[in-house]
Amino acid sequence: MSRSRIPKPKIKGESKIIPKPNFLSLGENDDCVVFSFAALEWTEYFNLDGTCPNWSFDLFNMLKSISKTSKIELLSGKFKTYRVHSHEKAKPPNALPDGVALKDCYQLRISTSKGGIHGIFVENIFYIIWVDPLHNMYPDDRFGGLRTIKPPNTCCRERDARITELQKQNQKLKEENKYWETEIEKIK
């Protein structure tokens with residue numbers, strides 16, 4: 001019997017209460033910004049290809065930092081780093097999701113050279129609709145103008161190709177093994 005390293009889920013009725021981590025003060029500041037990826041869309045203009053190796057690190061640092069502030073503070077302009085602004089006059093290269101008005105969309109900048117994220121607030125929840133590493137919401141020649149983005153490649157492409165190659169090799173060896181087993185049976 002093989003043992004799995006992944007723990008099995010508890011059977012219904014056998015749940016334990018998850019303790020509150022002592023390094024977080026969850027629930028004590030309920031007006032802080034919370035991020036949701038439920039509305040995230042990948043399009044030809046808003047995607048992750050073309051990002052530098054530190055882009056996701058900077059994105060998560062920005063999300064973490066903003067998560068410690070309230071929506072009111074964020075929208076007040078107090079945090080110049082994030083250059084929070086609405087998109088009332090923008091001309092996005094893609095249509096917004098149904099039910100989303102341009103006047104309700106905001107940008108939160110990651111950094112000057114790394115673009116930002118675009119989405120809407122519903123109470124203190126910021127629903128991220130698009131990630132924009134290439135500044136395609138406001139194309140500017142300084143950042144290469146409006147550019148389409150090819151879907152990101154897997155960082156595991158070489159590993160996956162090797163696995164496929166080994167699977168084919170394994171199948172061929174199985175077929176050869178079967179052939180020789182048949183030949184041995186004929187001799188007996």
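In short, a report on the structure. No experiment lies behind these values; they were computed from the predicted model shown. (Residues numbered from 1 in each chain as written. Predicted model: local features only at pLDDT ≥ 70, side-chain atom pairs only at ≥ 80, totals over all residues. Heavy atoms only, no water.)

1. Some remarks on the side chain of Asn136
Checked against the element boundaries, Asn136 lands in the loop between strand E5 (125-132) and helix H3 (157-187). In this structure Asn136 comes out as buried when scored by relative accessible area, which is 0%. Every residue in contact with Asn136, bar those within four places of it in the chain, is listed here: Tyr45, Phe46, Pro93, Gly145, Leu146, Arg147 and Ile149. (Helix = DSSP H or I, 4+ residues; strand = E, 2+ residues; numbered from the N terminus. Buried < 20%, exposed > 50% of the residue type's maximum accessible area, 1.4 Å probe, protein only. Contact = heavy atoms within 4.5 Å.)

2. Observations regarding the pairing of strand E4 (residues 115-122)
With seven of its eight residues buried, E4 lies for the most part within the structure. Pairing between strand E3 (residues 105-111) and E4: six bridges, direction antiparallel. Within the sheet, the bridge partner assigned to Ser111 lies in E4 and is Gly115. With seven bridges connecting them, E4 and E5 associate as antiparallel partners. Note that in E5 the partner of Phe121 across the bridge is Phe126. Linking E4 to E5, which pair antiparallel, is a turn of two residues; within it Glu123 sits at a positive phi near 55°. (Pairing = 2+ DSSP bridges.)

3. Some words on the packing of aromatic side chains
Scanning all chains against the criterion turns up five aromatic pairs. Aromatic pair Tyr179 and Trp180: ring centres 4.9 Å apart, planes at 75°, arrangement edge-to-face. Take Trp180: its relative accessible area is 51%, and that puts it in the exposed class. Among the aromatic residues, those joined into a ring-pair cluster are Phe35, Tyr106, Phe121 and Phe126. (Phe/Tyr/Trp six-rings, centres within 6.5 Å; stacked < 30°, edge-to-face > 60°.)

Everything listed is a geometric property; what it means functionally is a separate question.
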